[in-house]
Structure formats: structure tokens, C-alpha cells
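An overview of the molecular structure
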Amino acid sequence: MSPDEKKKAAAMAAIEYIEDDSIVGVGTGSTVNYFIDQLAEIKNRIEGAVSSSKASEERLKKHNIPVVNLNHVNEIPVYIDGADESTKNLHLIKGGGGALTREKIVAAASNKFVCIVDDTKLVDMLGKFPLPVEVIPMAQSFVAREIAKLGGTPELRQGYTTDNGNIILDIHNLKIINPVEMETKLNQITGIVTNGLFALRPADILIIADNNEVKTIRR
């Protein structure tokens, strides 16, 4: 299968986790775009969707899928999103598209997190993909110095502003041996809104599409 065919296959497999008459949590990214297109095929079965980004919200609206504000929702049975990297322990790096904070919020508010990826995203140890960190602009230099103390090399994502009006530092050369510990350390640096490690709240189900089949790993 081509890379796009893998993404589509993983997205199609996630549809089986959607509950009738429910609000669906929807993430951001190229694989999620395929999921949104598939969700449109069953939109009459759901009440609507909570989106983690303006980009996904626009795509949902193009399909006439109702977009619901998270503050107006009591329960999200399942959240579907992709990842930039994943381990077999279902720890993730997310945020390549810049929506990490809202993705974390929707994931935390959901009962189940289903992550959809192709096999190129599966790694033994997180960190080859630069770890995104959303930062309050005035704290950029301070946060960068603190990250350097942890062994990472922060780089400002040029010309990019998050949906929340903040900047992103992409951390290179960071060895993430213990994702839970690293996520906690980064969260404690004043000025960081959140970081792209999803280890304290990992995926519950990982759907992986390779050249031959779609596999599922459960936590």
C-alpha cells in the first residue's frame, strides 16, 4: 500500500469504535482527514463532533458534520487522532501539525483514545521526531534555556502561531527513555502550555496500517 492508502486503511478501521448517537472527538492531521471523510459516510448516526483544531473543524463543516463546543459536552465516548511517533506501549509524540494543546484537552476529556497511524510511525524509543512544545511567547528564551538543561536542542517553528495564539518550540536531540517522566518535567517548566508527549494519558488503542494489513494494539 502507498502511504496514503495506509492512512486511509487505518482511518477506516477506526470507524468501528464510533458509538451511535454520540459526540465524537476528532483530532488533527493528514490521517485524521481521511477519518473525517469516512465519518461523513455515517454522520447520520452521530450527534456531532468536538474538534481539536480550526483545520479539522473546517473539514467537518464541509461535510455538514455538526461541530460542538467541548464546554457544551458532558461525555465523549471516543477520540480519534493520529501521531507523529508511537511506541508499542502506546506512548506518543504529537503536535507536528501544531494542535497539541487542544488535542491533549480533547483526549483527556474522552473515555477512549484511538490512535490511527501507518507503520512508519512505530518506533522503539520516542524522540527522533522533534518534540513540539507550545510556549507563551514572552517565555520563549527562558523555556529554551530550561529545555537545554534537559539535553534537548529547541528550535522555534518559524512563522507559526497556534490556534491559541502561542509559539511552538520543536525539541531536537532529546532522548526520551522514560516518556512519563519527561512529560512531567516539561510540564513543570513555567511558560510551557503543554508538550507533545502523550504518556501520562496515552492512547488506549493503536491502529497500525502496514503494507499488508491493519493491526491493533490495546493498552
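Here's what I pulled together on the structure shown here.

1. A look at the overall build of the chain
Assigned secondary structure in the chain consists of six helices and 13 strands. Taking 17 Å as the expected radius of gyration for a compact globule of 219 residues, we find that the chain reaches 17 Å, a close match to that expectation. Its C-alpha atoms give the chain principal-axis dimensions of roughly 50 × 40 × 30 Å. Considering only residue pairs separated by 6 or more positions, the chain has 71% of its internal contacts joining residues 24 or more positions apart. A total of about 10400 Å² of accessible surface is found on the chain, and carbon and sulfur atoms cover 46% of it.

2. Considering the pairing of strand 9 (residues 167-172)
Within strand 9, five of the six residues are buried, leaving the element largely enclosed by the surrounding structure. Where strand 7 (residues 131-135) and strand 9 come together, five bridges link them in antiparallel fashion. When the bridges of strand 9 are listed, valine 133 appears paired with leucine 169. Examined bridge by bridge, strand 8 (residues 153-156) and strand 9 share four bridges and lie antiparallel to one another. Residue pairing for strand 9: glutamate 155 is matched across the bridge by aspartate 170.

3. Quick look at the sheet that holds strand 11 (residues 197-198)
Judged by pairing direction, the sheet is antiparallel, and its three strands sit side by side in the order 4-5-11 without closing on themselves. Every other strand in the sheet has two partners, leaving strand 4 (85-86) and strand 11 as the edge strands with one partner each. Across two bridges, the pairing between strand 4 and strand 5 (residues 92-93) is antiparallel. Bridge pairing in strand 5 places serine 86 opposite leucine 92.

4. With respect to the pairing of strand 2 (residues 48-51)
Where burial is concerned, the two faces of strand 2 agree: the one with Gly48 and Val50 and the one with Ala49 and Ser51 are both buried. In the sheet, strand 1 (residues 23-26) pairs with strand 2 via four bridges, with the strands oriented parallel. Looking across to strand 2, one finds that valine 24 is bridged to alanine 49. The handedness of the strand 1 to strand 2 crossover, carried by helix 2 (residues 30-39), is right-handed.

Analysis parameters
Residues numbered from 1 in each chain as written. Predicted model: local features only at pLDDT ≥ 70, side-chain atom pairs only at ≥ 80, totals over all residues. Heavy atoms only, no water. Helix = DSSP H or I, 4+ residues; strand = E, 2+ residues; numbered from the N terminus. Rg over C-alpha atoms; globule rule 2.2 N^0.38 Å. Contact = heavy atoms within 4.5 Å. Areas by Shrake-Rupley, 256 points an atom, 1.4 Å probe, with all protein chains shown as cover. Buried < 20%, exposed > 50% of the residue type's maximum accessible area, 1.4 Å probe, protein only. Pairing = 2+ DSSP bridges. Right-handed = clockwise from strand over helix to strand, strands pointing away.

All we've got here are geometric facts, nothing functional implied.
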